Amino acid sequence: MPPKFQHAIVQDSKGSPQIATNARIPPLSPGTVLVKTAALALNPIDYKTGAAFPAPGSVVGMDFAGTIVDVHPDTQTRFAVGNPVCGLVYGSNPSAPDDGAFAEYVRVHADFLLRVPSSLDPNADHQMASAASLGVALVTSALAIWGPNGLGLTATPDSPAAEPKENAQGQRPAKTPVLVFGGSTACGTIAIQLLRHSNLDPIAVCSPHNFDLVKMRGASAVFDRTSPAAEVAAAIKSRTSRQLRHVLDCIGDADSVAICYDAMSRVGGRYVALNRVSESLLGRRRVVDASFFHAAEGLGLEINLPGYLERPASAEKRDLVVGRFGMFQRLLDEGVLKLHPIQVLEARGLEGVLEGMQLLKSGNISGKKVVVLMPWCQLTEGVRSFPTYGPISH
């Protein structure tokens, strides 16, 4: 049996992350499994949430990969003890403070797990690290593209949009354009691929040094976010023949909103941001239907962040995300969906997570996702092994 206590990164009284040596390993409940973490991936939300909404004692972190070590007897799942998996949980959650990912063990609902993709080289040093990057990006993309507060698109990789038919003049209309601002973010590269495989036309805005990455992930055109805003918007309008009606903004600041809004069609459309944007910015064009959401809404959980976002648990959003996980698994196993580049902090454990959060804050990470390997991940004859249970000191 696993031990009862563990090391974990928890919020202190001010919401700052710190390493606790006696954090409780959360007991399993029906539908859940326990995973011993092998790799932890970092997102900006991991440090932003505690700073704005302290929840002392709550475990931080959302993305992880590891090995299942226990399954609740009332959990119906295809997974079993010993399976290598990746997924996400709602970290820094005041309603379930034990549920964060930045710990030696994480409790997770089995519906939000994926097998570590079979397309990954089993001999690769960073197989688990790559898999850890997936959870938040996949759920966020699903909500943004297909969710009720999202872009309202219906085409999927399993049911792609029909090819536009030639008109009487022999001209073939363009595919539906979708702008991904921040296309080189972890969510951006996943969303671009899902849009491309849905037979839509993803275009992107990012920094020039990430153009190649974004194009390789399927963007048909990429625009320089460092250029003057008016020039970027004008270029996008020209590329889309002023027909842009769907925008996913992975950045959500004043500059990105200005470019996205100015680039959109005269009749407006849908704009989705991954964080809350000032109403003063969003109110510039009433014909634009603007929204934002929290990734944990896709887990069917209540979001209670007063003054920022307060939404009840949504079975509709949960069902939508769960319904996409089978598709995600297939696309990953077939190598159709490419993983985001990662920057690995090798075997640094929870101390490495704290270092990684500072690295994210510095703004020096671009086009990569920071992932930390736990110290018990070892190379054995070229293959990284992940013991079922590792040493835990108290």
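Quick caveat, the model's predicted, so the values are computed rather than measured.

A. A look at the pattern of salt bridges. Applying the stated criterion across every chain, the model contains 13 salt bridges. The salt bridge involving lysine 369 is made with aspartate 63; its shortest N-O contact spans 2.7 Å. Taken together, the residues lysine 369 in strand 17 (residues 369–373) and aspartate 63 in strand 4 (residues 63–71) connect sequence positions 306 residues apart. Under the relative-accessibility criterion, lysine 369 is labelled buried at 4%. Given a relative accessible area of 0%, aspartate 63 falls into the buried group. For aspartate 201, the salt bridge goes to arginine 239, with nearest N and O atoms at 3.3 Å. A residue pair is termed long-range when its members are at least 10 positions apart, and aspartate 201 in strand 9 (residues 201–206) and arginine 239 in helix 6 (residues 229–239) qualify at 38 residues. Among the residues examined, arginine 239 registers a relative accessible area of 33% and is labelled partly exposed. The network of salt bridges with common partners includes Asp158, Arg330 and Glu334.

B. Examining the state of the cysteines more closely. For the structure on display, the rule yields zero disulfides. The cysteine cysteine 206 is free of any disulfide, with cysteine 250 supplying the nearest cysteine sulfur at 11 Å. This cysteine, cysteine 250, is not joined by any disulfide, and cysteine 187 carries the nearest cysteine sulfur, 4.4 Å off.

C. A look at the nonpolar core. In this structure, Ile236, Tyr271 and Phe328 are the most contacted members of the largest nonpolar core, which totals 89 residues. The greatest single-element share of this core, amounting to nine residues, is contributed by helix 3 (residues 135–146). Once you skip the residues sitting within four places of it in the chain, isoleucine 236 turns out to touch Leu179, Ile203, Val205, Phe223, Leu244, Ile259 and Ala263. The next biggest cluster of nonpolar side chains, apart from the first, holds 27 residues, and it includes Val33, Ala101, Val108 and Leu360.

D. Examining the side chain of asparagine 43 more closely. Residue position: asparagine 43 is located in the loop between strand 3 (32–41) and helix 1 (44–52). By relative accessible area, asparagine 43 is classed as buried at 9%. In terms of polar contacts, asparagine 43 uses its side chain to reach the side chain of aspartate 63, at 3.0 Å.

E. Expanded view of the sheet that holds strand 11 (residues 246–249). If you trace the six strands from one edge of the open sheet to the other, you get 10-9-8-11-12-13, paired in parallel fashion. In the strand order of this sheet, the two ends are held by strand 10 (221–224) and strand 13 (288–292), each with one partner. The sheet shows a mean angle of 20 degrees between the axes of neighbouring strands, direction not considered. Alignment of strand 12 (residues 269–273) against strand 13, held across five bridges, turns out to be parallel. What sits directly across from alanine 273, in strand 13, is phenylalanine 292.

Calculation rules
Residues numbered from 1 in each chain as written. Predicted model: local features only at pLDDT ≥ 70, side-chain atom pairs only at ≥ 80, totals over all residues. Heavy atoms only, no water. Salt bridge = Lys/Arg side-chain N within 4 Å of Asp/Glu carboxyl O. Helix = DSSP H or I, 4+ residues; strand = E, 2+ residues; numbered from the N terminus. Buried < 20%, exposed > 50% of the residue type's maximum accessible area, 1.4 Å probe, protein only. Disulfide = S-S within 2.5 Å. Core = buried A, V, L, I, M, F, W, Y, C linked by side-chain atoms within 4.5 Å. Contact = heavy atoms within 4.5 Å. Polar contact = N/O pair within 3.5 Å; in protein donor to acceptor, adjacent residues only side chain to side chain. Pairing = 2+ DSSP bridges. Axes fitted to C-alpha atoms, helices over the stretch in contact; angles between N-to-C directions.

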